[in-house]
Structure formats: structure tokens, C-alpha cells
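If you want the building blocks of each chain, they are given just below.
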Amino acid sequence: MKLMRTNVGLTNPSLLNPVVFRSSFNHFEKINATQAWSLFFTGGKEDKALGLSSTIGRFFNLSLIAIAIASIFWTFCLRPF
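All values derive from a computational prediction rather than experimental measurement.

Asker: Any chance you could explain the packing of aromatic side chains here in plain terms?
Answerer: Here the distance between the centres and the angle between the planes together describe a pair of aromatic rings. Taken as a whole and judged by the stated rule, the model has six aromatic pairs. Measuring from ring centre to ring centre gives 5.5 Å for Trp-37 and Phe-60, while their planes differ by 40°; the resulting arrangement is tilted. One end of the pair, Trp-37, is in helix 1 (residues 33-41); the other, Phe-60, is in helix 2 (residues 54-77), with 23 residues separating them in the sequence. In this structure Trp-37 comes out as buried when scored by relative accessible area, which is 15%. A residue is classified by how much of its surface remains accessible, and Phe-60, at 24% relative accessible area, is partly exposed.

Pasting the structure below:
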């Protein structure tokens, strides 16, 4: 019987921890909006899941602002009298 061997080294316990608790990440550096949204969507597991472009982070920020403005507009202007 032939066993399959892999070269993956999962012996480092920090590989399974969330990114925000890894020593290589936690240097109080500033992160961009895309990294912040990536950490939010993955539950802190990965900071590059959405890529490296700042356009995606800007899109999510503007979408969140648009939803808030639309909700305020709907509440105050379109409510029944």
C-alpha cells in the first residue's frame, strides 16, 4: 500500500488562528477598507480574501452609506400620514 505524502507543514499553531491574532499581523498597522471588509466577512480568518484592490472596500463603504441614507429618507419622507 502506497501512502500519499504532502509537503504542507501545519505544525505551526498560528496558521489555524485568526489573522488578527497572528504576531505577523498585529503590529498596529493601518489596514485599508478592503482588508477590513475581508476580515469582517471571513470572521477574522483572512485579510486578503477580497483581493488587494481598494475599489472593493470603497464599494462596500459607499453601499453601507447609501443604505443608511435611503433608510433615513424612507423613514422621514415616505411614511404614511
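Asker: Just to check I follow, could you spell out the pattern of salt bridges for this structure?
Answerer: Opposite charge on two side chains lets them pair, provided their charged atoms get close. On inspection of all chains with the given rule, the structure shows one salt bridge. Among the salt bridges present, the one from Asp-47 reaches Lys-48, with a minimum N-O distance of 3.4 Å. Accessibility expressed as a relative area gives 7% for Asp-47, which makes it buried.

What counts as what
- Residues numbered from 1 in each chain as written.
- Predicted model: local features only at pLDDT ≥ 70, side-chain atom pairs only at ≥ 80, totals over all residues.
- Heavy atoms only, no water.
- Phe/Tyr/Trp six-rings, centres within 6.5 Å; stacked < 30°, edge-to-face > 60°.
- Helix = DSSP H or I, 4+ residues; strand = E, 2+ residues; numbered from the N terminus.
- Buried < 20%, exposed > 50% of the residue type's maximum accessible area, 1.4 Å probe, protein only.
- Salt bridge = Lys/Arg side-chain N within 4 Å of Asp/Glu carboxyl O.

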